[in-house]
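In case you want the letters, here they are:
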Amino acid sequence: MNRLTKNLLMLLFSPAMLYVAGCTNLDEEVYDKVVADEFGVNEKQINAIIAPIYNSLQGFFPGAPWALAEASSDMAVVPTRKGGDWWGGGQWKEIETHAWTPNTAYINGAYNNITRGISTCNQIYYTIENSKAEIPNRERILAEIRAVRAFWYYVMVDYFGNVPVVTDFNDTELPTNTPRKDVYAFVVNELNAVKDLLRDDITVSSYGKMTKGAAYTLLAKLYLNAAVWNPEGGTKWQECADACDMVMGMDYVLEPDWRTNFAVNNEISREFIFPAVFTRNGGGNNNIAQQSLHYLAPVALGLNISCWNGISVMPNYYRAFDEADKRREWSFLTGPLTNPATGDVLITAHGRPLIHHVDITKVYSIDADGWGQVEQEDGGRCIKWELESGLSAPAQENDFGIFRLADVYLMKAEALVRLGIENDEATRLVNEVRKRAFDDPAKLFNSVTLDDVYRERRFEFAWEGMTRQDQIRFGTFLKAIPGWKPEKSNPDLLLFPLPQNALNANPNLVQNPGY
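Nothing here was measured: the structure is a model prediction, and the numbers come from that model. (Residues numbered from 1 in each chain as written. Predicted model: local features only at pLDDT ≥ 70, side-chain atom pairs only at ≥ 80, totals over all residues. Heavy atoms only, no water.)

> Give a detailed account of helix α15 (residues 405-419), specifying residues and quantitative values.
Under the 1.5 Å per step criterion, the end-to-end length of α15 is 21 Å for 15 residues, consistent within 8% with the ideal 21 Å. Summarising burial for α15: 13 of the 15 residues are buried, a large majority. A positive backbone phi angle near 75° is found at G420, which sits one or two residues after α15. (Helix = DSSP H or I, 4+ residues; strand = E, 2+ residues; numbered from the N terminus. Expected span 1.5 Å × (residues − 1). Buried < 20%, exposed > 50% of the residue type's maximum accessible area, 1.4 Å probe, protein only.)

Pasting the structure below:
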């Protein structure tokens, strides 16, 4: 058996292929007797081959990259609960207080998830490029793979900056770091090379796939952050606006009901540009509810799952919402949780009423740094993704919109404001997003400022993994957080360190400055 045949069969029957994401709509078929060089001649077979690159996106949310982004920002916190739950060897204290190190577990987890996604893309690209089968749309499929790989390198350039760029699956040499600006340039060049080769339909068959709209949205993200990731190249506000215009000229729609984007069956959302697809029966693990909700929340909410009582919203983030902004209620669970059978407020294992207070107060085992344990019930919880009544497995059906049209609207608005042009259009774009959350039209803006755009992003994208990136771009990431991070952080912390495990495995790697 030649190496190509062996690689293909390994892909098809690896654990990653034992299930195929919902975006592929595969019926059960037996492929164990198909000759490798004859496989990939129809859409179902192609979907089977490329499914792992899309499955890898489930490693972003609600996995380590997502958690690292939100908990290192001022959006979310994973406090140590009374009794020691969520101490996690001190890693959540390290992340929240900006005291992380190359040994912090979630930094290692995030790096591994990203590199796994890149490696998967390289392997499948090699397989398809070298297959002797008559693969229809081979050029487009290879473009898809390159664009998904570009997405993972976009996350790399954001989180770690100076990382190896590896595109050859057969390259066994230990790579060296590539400077951040060159990684940035690589991602931009890759997307520009493939964007017009990608499918441009917005249909059931393209759902969950890398499309022309997704590639242009990713380009807009890169241009939006150009001054941070490639300062020598200058700002790219106009390029960002132009990329947004390309997406806005397609058939995406801002959903009139904001909650459609987070419903159990949110694959109907016309706002999604690039979703990670989940299913309740083995299709990845969207367990955000399990991570956040209190142990007794299933009693109150009609769920049949165990919950972990973890990540909560930071009090000041919650309080920044206008009380009339419906997104606050739609995103955060606060107040008493009651037993439906009795109407009584549930009582925690520590004999306290289960009332989720917004404030999170450290009252037990406070250490020299001011970190300590909090009551089980402290903190608002994540309910942004609709909870399915009777949910009996922690894996939720809800897909995650990595990119959605509201983001494109607000990116263009920001670019226009920073350029100092077309404020009427910037204001219109922000109001189109904002008006879904208010009943009173007086809550809309007459003329938006940069701060208005920044705040609107915070209200719109809570829990969606964008806060750290936005804070860095707006210059707020390093600021002190009263009660949690008493001092301004060192600018070196705008990048995470390369994990010590990666350095140990590859002596050619050089650690980021300051670590």
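> Describe unusual backbone geometry, listing the residues and the values that go with them.
Generally, phi is negative for residues other than glycine and the peptide bonds are trans, each holding for most cases. Backbone torsion omega between F61 and P62 reads -5°, so that peptide bond is classified as cis. With respect to the element layout, P62 can be found in the loop between α2 (43-55) and α3 (64-71). Although it is not a glycine, N137 sits at a positive phi angle of roughly 60°. For N137, the position within the fold is in the loop between α5 (105-130) and α6 (138-159). Given a relative accessible area of 47%, N137 falls into the partly exposed group. With phi around 50°, S365 is a residue other than glycine that occupies positive phi space. Relative to the helices and strands, S365 is located in the loop between β8 (362-364) and β9 (373-374).

> Can you tell me about the packing of α2 against α6, naming the residues and giving the values?
Interaxial distance between α2 and α6 falls to 10 Å at its minimum, and their mutual angle equals 10°. Considering their axes alone, α2 and α6 lie roughly parallel with respect to each other. Listed contacts from α6 to I46, I50, I53 and Y54 of α2 are I141, E144, I145 and V148. Taken together, the residues of the contact of α2 with α6 break down into seven nonpolar, no polar and one charged. (Axes fitted to C-alpha atoms, helices over the stretch in contact; angles between N-to-C directions. Parallel < 35°, antiparallel > 145°, perpendicular 65-115°, else oblique. Contact = heavy atoms within 4.5 Å. Nonpolar A, V, L, I, M, F, W, Y, C, P; charged D, E, K, R; others polar.)

> Please provide a residue-by-residue account of the environment of L296, values included.
Position of L296 relative to the elements: it lies in the loop between α11 (288-292) and α12 (297-301). Among the residues examined, L296 registers a relative accessible area of 26% and is labelled partly exposed. Counting along the chain gives 10 residues from L296 to S306, while the straight-line C-alpha distance between them is 8.3 Å. Each residue touching L296, except ones within four places of it in the same chain, is listed here: L346, I347, T348 and L354.

> Just give me the short version of the packing of aromatic side chains, but keep the residues and values in it.
One pass over the structure, following the stated rule, counts 33 aromatic pairs. Note on Y159 and F160: the rings are 6.3 Å apart at their centroids and 40° apart in plane angle, and the pair reads as tilted. Note on accessibility: Y159 and F160 belong to one class, buried. Looking at K362, its charged tip hangs above the ring of W484, at a distance of 3.7 Å from the centre. Taking NZ or CZ as reference, R418 lies 4.7 Å from the ring centre of F474, over its face. (Phe/Tyr/Trp six-rings, centres within 6.5 Å; stacked < 30°, edge-to-face > 60°. Lys NZ or Arg CZ within 6 Å of the ring centre and 35° of its normal.)

> Lay out the side chain of K384 in plain terms, naming residues and giving numbers.
Here K384 is to be found in the loop between β10 (381-382) and β11 (400-404). A polar atom in the side chain of K384 sits 3.0 Å from the backbone oxygen of E460. Among the polar contacts listed, one links the side chain of K384 to the side chain of E464, at a separation of 2.6 Å. Look past the residues within four positions of K384 in its chain and what remains in contact with it is W258, F262, W330, S331, R404, E460, F461, A462, W463 and E464. (Polar contact = N/O pair within 3.5 Å; in protein donor to acceptor, adjacent residues only side chain to side chain.)

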